[in-house]
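# Structure at a glance
Here is how the chains run, residue by residue.
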Amino acid sequence: MSILIDSNTRVLVQGIGNQGTFHAKRNADYGTTIVAGVHPKRGGEIWEELDRPIYSSASEAVEHEDVNTSMILVPAPFAKDAIMEAFDAGIELIVCLTEGIPVHDMALVYNTFYPRAADGSFTKKGRPVLIGPNCPGVISPGKANVGFIPEESTRPGTVGLVSRSGTLTYQLMHELNEAGVGISTCVGIGGDPIIGSDFLDIIPRFADDPDTEAIVFVGEIGGTEEQRVGRWIHEHIPDTPVAAYVAGFTAPPGKQMGHAGAIVKEGGDGGETAADKKEALTELGIAVGMNPSETAQLIIQRLG
Amino acid sequence: MDAAVNLMEYQGKELFRSLGIPTTPRGEIATSAAEAQTDAANYGVPVMVKAQVLTGGRGKAGGVKYCRDADEARARAEEILGLDISGHTVEKVLIEPASEIAEEYYLSVLQDRSSKGYKVIASVEGGVEIEEVNRTRPEKVIKEDIDPTVGLDVDRARGILTQAGFPDDAIEQAADLLVRLYEGFVASDATLFEVNPLVKTTEGRVIALDSKVSIDPSALFRHADLAALGEGVVGDPLEVRAKEQGLQYVKLDGDVGVLGNGAGLVMATLDVVSQAGGQPANFLDVGGGADADKMRASLALVLSDDDVRSVLINIFGGITRCDEVANGMLLALDQLGDIPQKLVVRLDGTNAAQGQQILDDADNPSIITAESMVSAAGRAVELASQA
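Cut-offs and rules
- Residues numbered from 1 in each chain as written.
- Chains lettered and ligands numbered in written order.
- Predicted model: local features only at pLDDT ≥ 70, side-chain atom pairs only at ≥ 80, totals over all residues.
- Heavy atoms only, no water.
- Buried < 20%, exposed > 50% of the residue type's maximum accessible area, 1.4 Å probe, protein only.
- Helix = DSSP H or I, 4+ residues; strand = E, 2+ residues; numbered from the N terminus.
- Pairing = 2+ DSSP bridges.
- Right-handed = clockwise from strand over helix to strand, strands pointing away.
- 1 Å grid on protein atoms, 1.4 Å probe; cavity = no way out; pocket = protein on both sides within 12 Å on 5 of 7 lines; lining within 4 Å.
- Points joined across faces, edges and corners; volume = space filled by probe spheres on them.
- Core = buried A, V, L, I, M, F, W, Y, C linked by side-chain atoms within 4.5 Å.
- Contact = heavy atoms within 4.5 Å.
- Axes fitted to C-alpha atoms, helices over the stretch in contact; angles between N-to-C directions.
- Buried area = accessible area lost by both parts, 1.4 Å probe.
- Salt bridge = Lys/Arg side-chain N within 4 Å of Asp/Glu carboxyl O.
- Polar contact = N/O pair within 3.5 Å; in protein donor to acceptor, adjacent residues only side chain to side chain.
- Nonpolar A, V, L, I, M, F, W, Y, C, P; charged D, E, K, R; others polar.

Residues and elements named next belong to chain B. Most of strand 18 (residues 342-349) sits inside the fold, with seven of its eight residues counted as buried. Examined bridge by bridge, strand 17 (residues 310-317) and strand 18 share eight bridges and lie parallel to one another. Each residue of the ladder has a partner; that of I313, found in strand 18, is V345. Note that strand 18 and strand 19 (residues 367-369) share three bridges and pair parallel. Counterpart to V345 in the pairing with strand 19 is T369. Crossover strand 18 to strand 19 through helix 12 (residues 352-362) is right-handed.

This next bit is on unusual backbone geometry. Cis geometry is found at the peptide bond from G132 of chain A to P133 of chain A, where omega equals 10°. Residue P197 of chain B is reached from N196 of chain B by a cis peptide bond, and omega for that bond is 5°. Of note in this structure, N134 of chain A is not a glycine but carries a positive phi near 55°. Of note in this structure, D189 of chain B is not a glycine but carries a positive phi near 55°. Among the structural elements, D189 of chain B can be located in the loop between helix 6 (168-187) and strand 11 (190-201).

Residues and elements named next belong to chain A. Approximately 330 Å³ is the volume found for the second largest pocket. If you trace the second largest pocket, you find 17 residues lining it, with G15, P40, V74, P75 and F78 closest to the centre. Of all elements in the fold, only helix 1 (18-29) and helix 3 (76-88) reach the threshold of two or more residues within the lining of the second largest pocket. Top element by residues in the lining of the second largest pocket is helix 3. It accounts for four residues.

All names here are of chain A. Read from one edge of the open sheet, seven strands run 3-4-2-1-5-6-7, paired in mixed fashion. For this open sheet the edge positions go to strand 3 (46-47) and strand 7 (129-131), each flanked by a neighbour on one side alone. Here four bridges tie strand 1 (residues 10-14) to strand 5 (residues 69-72), and the two strands are oriented parallel to one another. Bridged to V13 within strand 5 is M71.

So, about the nonpolar core. Membership of the largest hydrophobic core comes to 89 residues, with the highest contact counts inside it found for V13, I131, V162, V187, I203 and F217 of chain A. Residue contacts for V162 of chain A: discarding those within four places in its chain leaves V187, I189, F199, I202, I203, F206, V216, F217 and V218 of chain A. V67 and A79 of chain A together with A174 and F193 of chain B belong to the second-largest nonpolar core, a separate cluster that totals 69 residues.

Residues and elements named next belong to chain B. In space, the four strands of this open sheet follow the order 2-7-3-4, with antiparallel pairing throughout. Of all strands in the sheet, those with a lone pairing partner are strand 2 (28-30) and strand 4 (64-67), marking the two edges. Shown here is a sheet whose adjacent strand axes are inclined to one another by a mean of 25°, direction ignored. As paired strands, strand 3 (residues 47-51) and strand 7 (residues 93-97) are joined by five bridges and run antiparallel to one another. The partner of K50 across the bridge, within strand 7, is L94. Helix 2 (residues 33-43) contacts strand 2, strand 3 and strand 7 of the sheet and is inclined by roughly 155° relative to strand 2.

Bringing the interface of chain B and chain A into the picture now. Across the boundary between the two partners, chain B contributes 69 residues, which contact 58 residues of chain A. With both sides pooled, the region where chain B packs onto chain A buries about 5000 Å², and carbon together with sulfur makes up 60% of that total. The largest share of the area that chain B buries against chain A comes from R113, K116 and F316 of chain B, three residues that together contribute 16% of it. For the salt bridge of D145 of chain B with R116 of chain A, the shortest nitrogen-to-oxygen distance reads 3.9 Å. For the pair chain B and chain A, the number of links is 20 residue pairs in polar contact (both at pLDDT 80 or more). The element best represented in the side of chain B that touches chain A is helix 9 (residues 263-275) of chain B, accounting for nine residues. When its residues are assigned to classes, the side of chain B that touches chain A shows 30 nonpolar, 20 polar and 19 charged.

And the structure:
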């Protein structure tokens, strides 16, 4: 098995310009089922490079085709509308690769996808899964690839990989691949301030997946999500081999305007530097590498 | 590494006025003591002379002064102009009629990643010690999540301010101001609207005495007016040049130039350079899908830093194609002519083989290719120490 995508994945592509076509073609050549494309002005035409139909909207596409996933690559100013169009069409998995979407747009999207319950938590159950934006996509090696992830850098296997950073994800996959270790699914969740799925939306799926034996997660400086991930792993899957890397041990400190940022950070989750996160995760029994190579070695050792 | 557009106080207040947020009467910007004197004389009332810099702690650094008359305004402007406040040189001062303050509060609206939306922060203990108040008496600083699909109406605003302990005679004005602040924050695609202090004047008016405004750089395409305000940034000349070229560049202290694609990978590259015993000279992320031209501009930028003794180019192609990267490198070297530094290049991912072939065919003596990220870092550090 794998998570999110597999050989039953049927992809609609929203955004079929040069980039969209280039990557959709690559995904199709890998064996991913690309069903159709969406372009507001080209409905009814044939998407020649892929030999698939073009519809003028996601809703129109789902009326005519069997689709369960959308891959979005439209330019940032139109991305919010594209995501909402996929949502309104009832598509279960929406992978948005677009970079540079305004944060206010994503705040609206997120709160529409996942309405707040009375206790302030977000309702995820029964709602579509949004991956990204500003992410490289998802790959289940040997089954499907939705996005930019270079498939030649990996092979099918049992390690679940989840990361904020695109290129760093590739680096980790590559290091594992060099050692003959493959991936069940790799999810690039994206690095924007508001993303549809966080580490804790993905890691429990790996925990439930019988074919994922080990997990690697790659964080970054900023925020304290990594500490929450560490506590969840410590509590729920203490026996699963897990390794982490937090990029930015030598990153320059960011500049902060005003006091508001500092005030909301007083949450008791600990520091936001790579060293702070490594320390917190290590205390929870999670192996943290100092660089991608060391991290790959750590998970290989734990796999035995 | 974020490139948010931060507004100076006078720009933020101008934005506040256009959004109907009550603030101080419009002031004048002076770049010389003589100008400050003229402005103050025109007002004919006591004025504030306030340093305009994009950093906090202005008051503590002596950058904000009350002046009874024009002569005093001249003398204080003389002292403040040219002052260094946390590395920012004061080039202009705001001259505005002084407000008579009865009470100081704190109010802000911000983007908050953990709450997936917005937060309002309110306190009746405004002023420079607000972070200290929050640490020692957190119950005095009210933090409320706002759902963007619901927004903030005047009833909710009143509720938040009541909880924060705003006095009865200020609460209606403050609630109205908070709603305008929230609506303006959303309309401006801001990541922060902070008012510290929000004051009640002796006449009983509630106004924003200061402004801290940051705008989401990704939303500037729909705010041409605000984008223009962020231009003319001061800072490291190379960082300014990078910003003009749309590159993510941060100058660091070492001698190994670093260039890669994706913030995460570049940060990891800095990590391996320091673990190899070297010191990175910069952070440069060419971004996703960089073409040959962007690659050329990036390399030229890194090489124009005199401290750079070797360059590590670490590319893992995804949306970025390694053949484009290789072509960009050769283009840059063509234009730059003979360079003393060696470039250690590591290519993997999309079209890596084609990229490698392009570099092999070019056979340029400045380029050394490496197999892995760690070995590339080791080689670059070694070359920097020999140079």
